Amino acid sequence: MRSTRLRGAGLVLVAVVLSGCAGMMAKEEPSLYSRLGGRDPIGLVVDDFVANLSADPRVSARFKALPPEQVFRLKSYLADQICEASGGPCSYVGRDMKSAHQGMKITEAEWNATVEGLVKALDKHKVPAKENSELLGLLGPMKKDIVGQ
Ligand code: HEM
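As the structure is a computational prediction, the values presented were derived from the model and not from experiment.

Student: Before we go on, may I ask you to explain the overall build of the chain in this structure?
Tutor: Secondary structure assignment for the chain yields nine helices and zero strands. Along the chain direction, N to C, the helices and strands of the chain fall in the order α-α-α-α-α-α-α-α-α. Scored against the burial criterion, the 149 residues of the chain give a buried share of 30%. Taking as baseline every contact in the chain between residues at least 6 positions apart, the subset at least 24 positions apart corresponds to 72%. Summed over all atoms, the accessible surface of the chain reaches about 9,600 Å², with 63% contributed by carbon and sulfur.

Here you go:
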C-alpha cells in the first residue's frame with residue numbers, strides 16, 4: 001500500500017519535472033511587432049500604403065482632398081495603430097474606427113482597394129506571407145466599423 005503511494009508520488013514528480021523542461025524548451029515566438037522589425041519599418045510600410053491609396057483612382061480622391069498635415073497625422077496614427085495592435089510599445093490615440101470613418105460612406109470596393117494597397121506595400125517591403133496575413137487578420141475585423149458608416 002505504502003509503496004504504491006510512493007510510486008504514485010514519484011510518477012507525479014517525474015511528470016512535473018518533464019513538463020517544466022518542455023516549458024523551458026518551448027521558445028515563445030516574438031511578437032508580430034518584432035517580426036515586422038519595429039516602429040520604423042512599420043512607418044515605412046505605412047508611407048507606401050498611403051502613397052498607394054493616393055495613386056489608386058478607386059480611392060485617391062479621399063486622400064488627395066486631405067491637407068498635408070492631415071496626411072502626416074493619418075500616417076502617424078496608422079503606424080501607431082499597427083504598432084499597438086501587433087504587440088508593440090505604442091499607444092494609438094486617434095479616434096475609434098467608427099468615429100474616424102463616420103459619414104464617409106466607404107464602399108466594399110473601396111475597402112478591397114485599400115486592402116490591396118496595404119498588401120502591395122507589405123510586398124514591396126518583403127514582409128513574409130505569415131506576418132502579412134497576421135496583420136490582415138488584426139485589421140480585418142475593423143471592416144464592420146469602417147465600411148458603410
Ligand atoms: C483596415 C483599414 C483601415 C484602417 C486601419 C484605417 C485607419 C484610419 C485611421 C487610424 C485614421 C485616423 C483617425 C483619426 O484621425 O483620428 C483614418 C482616417 C481616415 N481613413 Fe481610414 N482606415 C482604414 C480604412 C479606410 C478606407 C477603406 C478608407 C477609404 C477608402 C479610409 C479613409 C480614411 C480617410 C479619408 C481618413 C482621414 C479622415 C480625416 O482625417 O478626417 N480608411 N483611418
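Student: Would you explain the packing of aromatic side chains in this entry?
Tutor: We describe a pair of aromatic rings using the distance from one ring centre to the other and the angle between the two ring planes. If you walk through the whole model with that rule in mind, you get one aromatic pair. Taken together, a centroid distance of 5.7 Å and an interplanar angle of 80 degrees make the contact between Tyr77 and Tyr92 edge-to-face. Here the residue Tyr77 occupies a position in helix α5 (residues 68-85), and Tyr92 occupies one in the loop between α5 and α6 (97-100), the gap between them amounting to 15 residues. On the accessibility criterion, Tyr77 (26% relative accessible area) is partly exposed.

Student: Can you help me understand the nonpolar core in this one?
Tutor: Counting 24 residues, the largest nonpolar core has Ile42 and Val46 as the members making the most contacts within it. Residue assignment for this core shows that the elements contributing at least two residues are α2 (32-36), α3 (39-55), α5, α7 (108-124) and α8 (129-139). Considering each element in turn, this core owes the most residues, six residues, to α3. Excluding residues that lie within four positions of it along the chain, Ile42 makes contacts with Tyr33, Leu36, Ala79, Ile82, Cys83 and Ser86. By size, the runner-up hydrophobic cluster in this structure holds six residues, among which are Ala100, Ile106, Trp111 and Val147.

Student: Help me out: how do you make sense of the packing of α3 against α7 in this one?
Tutor: When two helices pack together, you describe them by how their axes are tilted relative to each other and by the distance separating the axes. Close contact between α3 and α7 brings their axes to 8 Å; oriented N to C, the two are set at 135 degrees. On the basis of the axis angle, α3 is oblique to α7. Relative to α7, α3 is oriented so that their crossing is right-handed. Here α3 contributes Val45, Asp48, Phe49, Asn52 and Leu53 to the contact with α7, which in turn contributes Ala113, Thr114, Gly117, Leu118, Lys120, Ala121, Leu122 and Lys124. Looking at the contact of α3 with α7 residue by residue, the classes come out as seven nonpolar, three polar and three charged.

Student: I would appreciate a short explanation of the coordination of the iron atom of the ligand in the present structure.
Tutor: Angles between donor atoms at a metal ideally measure 109.5 degrees for a four-coordinate tetrahedral arrangement and either 90 or 180 degrees for a six-coordinate octahedral one. A lone protein donor contacts the iron atom of the ligand, and this donor is His101 (NE2), found at 2.1 Å. Relative to the assigned elements, His101 resides in the loop between α6 and α7.

Student: In this structure, what is going on with the site of the ligand? I would like to understand it.
Tutor: Looking at the ligand, there are 24 residues lining it, with Gln70, Leu74, Arg95, His101 and Thr114 nearest. Gln70 has a polar side-chain atom sitting 2.9 Å from an oxygen atom of the ligand. Between an oxygen atom of the ligand and a side-chain N or O atom of Arg73, the distance comes to 3.4 Å. Considering every element that reaches the shell around the ligand, the biggest residue donor is α5, with six residues. Per-class residue counts for the shell around the ligand are 15 nonpolar, five polar and four charged.

Student: Help me understand the environment of Asp40, please; the structure alone is not making it clear to me.
Tutor: Following the sequence through the fold, Asp40 ends up in helix α3. For Asp40, a relative accessible area of 63% translates into the label exposed. C-alpha separation for the pair Asp40 and Ala79, spaced 39 residues apart in sequence, amounts to 8.7 Å.

How each quantity is defined
What you see as residue numbers is a count from 1 along each chain, following the sequence as written. Per-residue local features are limited, in this predicted model, to residues with pLDDT of at least 70; the limit for side-chain atom pairs, both in listing and counting, is 80 or more; totals at the level of whole chains, interfaces and linings are taken over all residues. Only hydrogens and water are removed before side-chain values are computed, so all heavy atoms of the structure are retained for them. Numbering of helices and strands runs from the N terminus, with a helix taken as a DSSP run of H or I at least four residues long and a strand as a DSSP run of E at least two residues long. Burial here depends on accessible area, computed with a 1.4 Å probe over protein chains only, as a share of the maximum for the residue type. Under 20% is buried, over 50% is exposed, and the range in between is partly exposed. Two residues qualify as a contact provided that any one of their heavy atoms is within 4.5 Å of a heavy atom in the partner residue. Computed with a 1.4 Å probe, the accessible areas rest on the Shrake-Rupley method; for each residue, only the protein chains presented here act as cover. Two aromatic rings, drawn from Phe, Tyr or Trp (for Trp, its six-membered ring), form a pair once their centres lie within 6.5 Å of each other, and the interplanar angle then sorts them: stacked below 30 degrees, edge-to-face above 60, tilted otherwise. Only buried residues count toward a nonpolar core. Its members are Ala, Val, Leu, Ile, Met, Phe, Trp, Tyr and Cys residues joined through side-chain atoms within 4.5 Å. In this analysis, axes come from line fits to C-alpha atoms, helices being fitted only over the stretch in contact, and the angle between any two N-to-C directions falls in the range 0 to 180 degrees. The scheme is simple: roughly parallel for angles under 35 degrees, roughly antiparallel for over 145, roughly perpendicular for 65 to 115, oblique for anything else. Left-handed describes a crossing in which the near helix is turned anticlockwise from the far one by less than a right angle; the clockwise case is right-handed. Basically, the charged four are Asp, Glu, Lys and Arg, the nonpolar ten are Ala, Val, Leu, Ile, Met, Phe, Trp, Tyr, Cys and Pro, and anything else, Gly included, counts as polar. The rule for donors is simple: N, O or S, within 2.8 Å of the metal, or within 3.2 Å if the metal is Na, K or Ca. Water isn't counted, so a site may look like it is missing partners. Summary of the distance rule: residues count as near a molecule or strand when at least one heavy atom falls within 4 Å of that molecule or strand. Throughout this description, a polar contact denotes any pair of N or O atoms lying within 3.5 Å of each other; where both atoms belong to protein, one of them has to be capable of donating a hydrogen while the other can accept it, and for residues adjacent in sequence the pair is counted only when both atoms sit in side chains.

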